[in-house]
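Remarks on the overall topology
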Amino acid sequence: MVFRSIWQGLQNVLGAGMNDDDVKAQAIQDPAQTQNLIAIENARGAVKLKLVICLGLLALLALVVVVGALLVIVEQAGQLRLPWSRIGTIVGTFLTTSGITGLVAWWWKRLLKRRQTAAASSGNPSANPAEGDQNQVGTS
């Protein structure tokens, strides 16, 4: 992927700017431009890595919160005075909260898949790259 400034993008829209192939050709001829493009791509990679690390830490924090809440709920349920045993109350509470957590996780995954499918089928040309590809070998 080649980075272009907003000004270059506007020039491209108006027909006066360079397209990606022109920028690549210029980068091949100019070593300084090549180094600039490499630095830009490295910076993009670093930003993506930071994003993945932040999302991982957020997911880990959410897991710790869920486990902590589960332990508090099970402990509080064990202190209830119910007509059945304390062990039955703890096991029932653990199974119920685990089931609810699993149901919410399943629902969330289903919602995300629907959104991704809707985004991919909303006219995104990269959703089906084999369509119109001249280098694609036919299977008929």
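Since this is a predicted model, take the numbers as computed values, not measurements.

**Focus: the overall build of the protein chain**
Scanning the protein chain from terminus to terminus reveals four helices and zero strands. Out of the 140 residues in the protein chain, the part that is buried amounts to 8%. Taking all contacts inside the protein chain whose residues are at least 6 apart in sequence as the whole, residues at least 24 apart take part in 29%. For the protein chain, the accessible area works out to roughly 11700 Å², and carbon and sulfur atoms hold 66% of it.

**Remarks on the environment of isoleucine 90**
Assignment of secondary structure puts isoleucine 90 in helix α4 (residues 86-120). C-alpha separation for the pair isoleucine 90 and leucine 71, spaced 19 residues apart in sequence, amounts to 9.9 Å. Residues within four places of isoleucine 90 in sequence aside, it is in contact with Val74 and Gly78.

**Re a nonpolar patch on the surface**
Taken together, the side chains of Leu49, Ile53, Leu57, Leu60, Leu63, Val64, Val67 and Leu71 make up a nonpolar region of the molecular surface, amounting to roughly 780 Å² of accessible area. Relative to the helices and strands, leucine 60 is located in helix α3 (residues 31-78). Exposure remark for leucine 60: the relative accessible area of 48% places this residue in the partly exposed category.

The rules behind each value
- Residues numbered from 1 in each chain as written.
- Predicted model: local features only at pLDDT ≥ 70, side-chain atom pairs only at ≥ 80, totals over all residues.
- Heavy atoms only, no water.
- Helix = DSSP H or I, 4+ residues; strand = E, 2+ residues; numbered from the N terminus.
- Buried < 20%, exposed > 50% of the residue type's maximum accessible area, 1.4 Å probe, protein only.
- Contact = heavy atoms within 4.5 Å.
- Areas by Shrake-Rupley, 256 points an atom, 1.4 Å probe, with all protein chains shown as cover.
- Patch = residues over 30% accessible without salt bridge, like charges linked within 9 Å, V, L, I, M, F, W, Y side chains within 5 Å.
- Salt bridge = Lys/Arg side-chain N within 4 Å of Asp/Glu carboxyl O.

Scope: geometric values only; no functional claims are made or implied.
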